[in-house]
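What follows is each chain in one-letter form.
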Amino acid sequence: MTRMMRMMMNDSSGGGGNGGDYTPGAGTQLAVFPMDMINITQGENGSFSHQGSLAMDFVGTHNSYPYYAPFDCKCVYTSSAACVAWESQKPVKCADGSTNYVTLLCIHDNNWNSHKVGDKKAKGSKLGATGVAGHVTGDHAHFEVSKKKWSGMSRNSHGTWTMHNQAHHYDVFSLKDNTGNNNNTKVVNGGGYPWKSKEKWDDKEGSDGGKGGVYSPNMHGALGDYSQFSNNKEIPTTRSRQKNLIDFNHVGIIDFADTTDMDKSFPTVEGSAVAMNAFNWGMQFEKTYSDKYSMYDFGSGHNGHYPFEDDIIKIDNSAFIWWCFKQAGITLGGSARNFTSLTILNDAQLATIRNFGQKNDPIFTELKVGDILSFTPERGILGIYAGKGQVLMAQGLGNNDGRSTSGITLLRMDQGNWWMRFNGIVKRLR
C-alpha cells in the first residue's frame, strides 16, 4: 500500500509519552510476528505499489482480522493516511539473532485514529486490525518494519512512500509465540520468504539459556504441524487465489499475476471521486481475493433486494453496475426495481465519451477508471473500466452459473473475447 501518501499532511509524530502498558519484569523480549497467520497478498518490491520497498500486505480469514503488539511498544507516529508507527520500548531480540530497537509501521486499520503518540502497549495486546482505511478496496494490513528507532518516511527513487531504514520482516519477527498463549503463527502463504523462529527464548531472562536455535518451518505449512505439507502444498484457504490487493490511494498499475503479458502502454487514469468510489466499492467483491463467493445470475439484483450480504452473491451485470454507483451516492437508470442496462446507459447523469461502433485501440488512451462500458450489439452487458485494458464485471452464461469463471471478476478487454464483444460505447459520470 506504499505509494499512497497524498494524505501525509495532518500527521503527528514524537518520541513517546506517559501512561500505557508494559510487561512487568521483562528483559530483552523476542519480536514475534504480529498476526497468528501469514497470508501475503503483496510482497517486497511488489509491482503494484511496493516498488523499491520491503513492505508487505497481509490478510486474515475475515475482515478486521486482529494483529498484536510484537513487543512492548509505544506509538511514535500517526497520520491521516491511516498510518500508525509503534517503536519498541527497549531493544528486542530479532529472528535473525540481532538485538535492536524495532519500529513497526501499520497502515489501513479502520480505527487508526484511536491511537495517539505516547500510547503504550504490552507485548501480546491488540494493536489494531486489518481494514480499508486510506482508500483501499480490499481489507488488509500493510506492514513495514525497521531495526531502528522511528525516523520518518520519504519517497524512494520509484516514487513509493516508505519508512526509513526498512528491514525484512522475516529477519525481525519470530513465528514462535513465546508469551505462553500458544499463538504460533501459521504460514498460509509465506511468499517463499525465509520465515523463521528463535526457539526457547525467555523474555524475562532475555536469553535462550543456551538452548536455542533457529527453526525454519516449511514456507507453506503451519508452525508445529507442517509434516503433512512437506511437498510444499498450500493450506486450503478462501484466500488461496489472492493476488495483489488494489490500493487506490494510488491507482497505479493493476498488475495481477495472470495478466503479466498485458500491454503496459495502456495508461491508468483515475475517474472522478464518485466514479472511483463506485469502482472501489465493487472491487471488494472481485472474486480473486474476496471472501464472498459470487455467481452470475441473470435478473438477480433487480428486485430491490441488496444481494451483497447473501452467502452467495447472485447478480447480473447491470445490477452490479447499479449497486456500485448506488453505494457511491448515485442512482442510475431508475429505482432498485426498474432499472435495465439500457436505462443505465441512457441516464442523463452519464456523459457519452464514445458511441456505438466507435471502437479502436486508441480508446484506451481516453478511458478512465470508473467509466461504464457496453458489450454486445444489444448493449445488454455492462462493465466498469479498471485501467490497464481491464474491465470489472459479473461474468456468466445464464441463471445460477456456478462455474469457476463465473461471478464478479476482472477481465481483459483489450483483446480476445471481450474486445470482440465490446461495442464501443463508453459512458462517464458527469
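Predicted, not measured: the structure shown is a model, and the values here were computed from it.

Caption draft 1: Summary view of the packing of helix H2 (residues 273-283) against helix H3 (residues 317-327). Direction vectors running N to C along H2 and H3 enclose 120°, while the axes themselves pass 8 Å from each other. When the axes of H2 and H3 are compared, the pair comes out oblique. For the pair H2 and H3, the crossing hand works out as right-handed. Across the interface between the two elements, Ala275, Ala278, Trp281 and Gly282 of H2 pack against Phe320, Trp323, Cys324, Phe325 and Gln327 of H3. Tallied by class, the residues present in the contact of H2 with H3 amount to seven nonpolar, two polar and no charged.

Caption draft 2: Quick peek at the state of the cysteines. By the definition in use, this model includes zero disulfides. Its sulfur unpaired, cysteine 73 is 8.4 Å from the next cysteine sulfur, which belongs to cysteine 106. Among the residues examined, cysteine 73 registers a relative accessible area of 0% and is labelled buried. This cysteine, cysteine 83, is not joined by any disulfide, and cysteine 106 carries the nearest cysteine sulfur, 9.8 Å off.

Caption draft 3: Expanded view of the pattern of salt bridges. Considering all chains together, one arrives at seven salt bridges under this definition. Its salt-bridge partner being aspartate 171, residue lysine 196 comes within 3.3 Å of it at the nearest N-O pair. Highlighted residues: lysine 196 in the loop between strand S15 (186-189) and strand S16 (197-198) and aspartate 171 in helix H1 (residues 169-172), separated in sequence by 25 residues. Per residue, the accessibility class of lysine 196 equals that of aspartate 171, and both read buried. Note that arginine 354 and glutamate 366 form a salt bridge whose closest N and O atoms lie 2.9 Å from each other. In this pair, arginine 354 is assigned in strand S20 (residues 350-354) and glutamate 366 in the loop between S20 and strand S21 (372-375), connecting sequence segments twelve residues apart.

Caption draft 4: The packing of aromatic side chains, seen in detail. Enumeration according to the criterion identifies 21 aromatic pairs in this entry. Pairing phenylalanine 33 with tryptophan 195 gives two aromatic rings, centres 5.7 Å apart and planes at 80°, and the pair type is edge-to-face. You can see phenylalanine 33 sitting in the loop between strand S1 (12-13) and strand S2 (37-42) and its partner tryptophan 195 sitting in the loop between S15 and S16, a full 162 residues away along the chain. The burial state of phenylalanine 33 is the same as that of tryptophan 195; both residues are buried. Centroid distance tyrosine 67 to phenylalanine 143: 5.1 Å. Interplanar angle 90°. Geometry classified as edge-to-face. Here tyrosine 67, found in strand S4 (residues 66-68), pairs with phenylalanine 143, found in strand S12 (residues 141-146); they are 76 residues apart in sequence, far enough to count as distant. Each member of the pair, tyrosine 67 as well as phenylalanine 143, carries the same accessibility label: buried. Three or more aromatic residues link up through ring pairs in this structure, and these residues are Phe33, Phe58, Tyr67, Phe143, Tyr170, Phe173, Tyr193 and Trp195. Its end group placed over the ring of tyrosine 101, lysine 149 keeps NZ or CZ at 4.4 Å from the ring centre. The cationic tip of lysine 359 hangs over the ring face of tryptophan 419; the distance from NZ or CZ to the ring centre is 5.0 Å.

Caption draft 5: Broad picture of the layout of surface pockets. Considered as a void within the structure, the second largest pocket measures approximately 290 Å³ in volume. For the second largest pocket, the lining is made up of 18 residues, of which Tyr296, Phe298, Asn317, Gly380 and Ile381 are closest to its centre. Of all the secondary structure elements, the ones that give two or more residues to the lining of the second largest pocket are H3, strand S23 (390-395) and helix H5 (416-421). The biggest single contributor to the lining of the second largest pocket is S23, with three residues. Each residue belonging to the lining of the second largest pocket can be placed in one class, and the counts come to seven nonpolar, eight polar and three charged.

Caption draft 6: How the structure looks around the side chain of threonine 160. Here threonine 160 shows up in the loop between strand S13 (153-155) and strand S14 (161-163). The class for threonine 160 is buried, based on a relative accessible area of 0%. At 2.9 Å, the side chain of threonine 160 forms a polar contact with the backbone oxygen of glutamine 51.

Caption draft 7: Geometry of unusual backbone geometry. You will see that histidine 108, though not glycine, has its phi angle at about 100°, which is positive. Inspection of the secondary structure assignment puts histidine 108 in the loop between strand S9 (103-107) and strand S10 (120-121). Judged by its relative accessible area of 0%, histidine 108 falls in the buried class. A positive phi angle is found at threonine 376, which is not glycine, with a value near 70°. Topologically, threonine 376 is positioned in the loop between S21 and strand S22 (381-387).

Caption draft 8: Structural detail: the confidence of the model for the chain. With 79% of its residues at a pLDDT of 70 or more, the chain shows a mean pLDDT of 79. Mean pLDDT across the elements of the chain ranges from a minimum in S1, with 40, to a maximum in S9, with 97. Low pLDDT, under 50, characterises residues 1-20; the stretch is placed with 75 contacts to residues that sit more than four places away or in other chains. Here residues 211-264 scores under 50 on pLDDT; set against residues more than four positions off or in separate chains, the count is 160 contacts.

Caption draft 9: Focus on the side chain of lysine 93. Tracing the backbone through its elements, the reader meets lysine 93 in strand S7 (residues 92-93). Of the polar contacts made by the side chain of lysine 93, one reaches the side chain of threonine 99; its length is 3.1 Å. When near neighbours in sequence (up to four residues on either side) are disregarded, lysine 93 contacts Thr28, Gln29, Leu30, Ala31, Ser98, Thr99, Val172 and Trp201.

What counts and what doesn't
Residues numbered from 1 in each chain as written. Predicted model: local features only at pLDDT ≥ 70, side-chain atom pairs only at ≥ 80, totals over all residues. Heavy atoms only, no water. Axes fitted to C-alpha atoms, helices over the stretch in contact; angles between N-to-C directions. Helix = DSSP H or I, 4+ residues; strand = E, 2+ residues; numbered from the N terminus. Parallel < 35°, antiparallel > 145°, perpendicular 65-115°, else oblique. Left-handed = near helix turned anticlockwise from the far one by under 90°. Contact = heavy atoms within 4.5 Å. Nonpolar A, V, L, I, M, F, W, Y, C, P; charged D, E, K, R; others polar. Disulfide = S-S within 2.5 Å. Buried < 20%, exposed > 50% of the residue type's maximum accessible area, 1.4 Å probe, protein only. Salt bridge = Lys/Arg side-chain N within 4 Å of Asp/Glu carboxyl O. Phe/Tyr/Trp six-rings, centres within 6.5 Å; stacked < 30°, edge-to-face > 60°. Lys NZ or Arg CZ within 6 Å of the ring centre and 35° of its normal. 1 Å grid on protein atoms, 1.4 Å probe; cavity = no way out; pocket = protein on both sides within 12 Å on 5 of 7 lines; lining within 4 Å. Points joined across faces, edges and corners; volume = space filled by probe spheres on them. Polar contact = N/O pair within 3.5 Å; in protein donor to acceptor, adjacent residues only side chain to side chain. pLDDT = per-residue confidence, 0-100.

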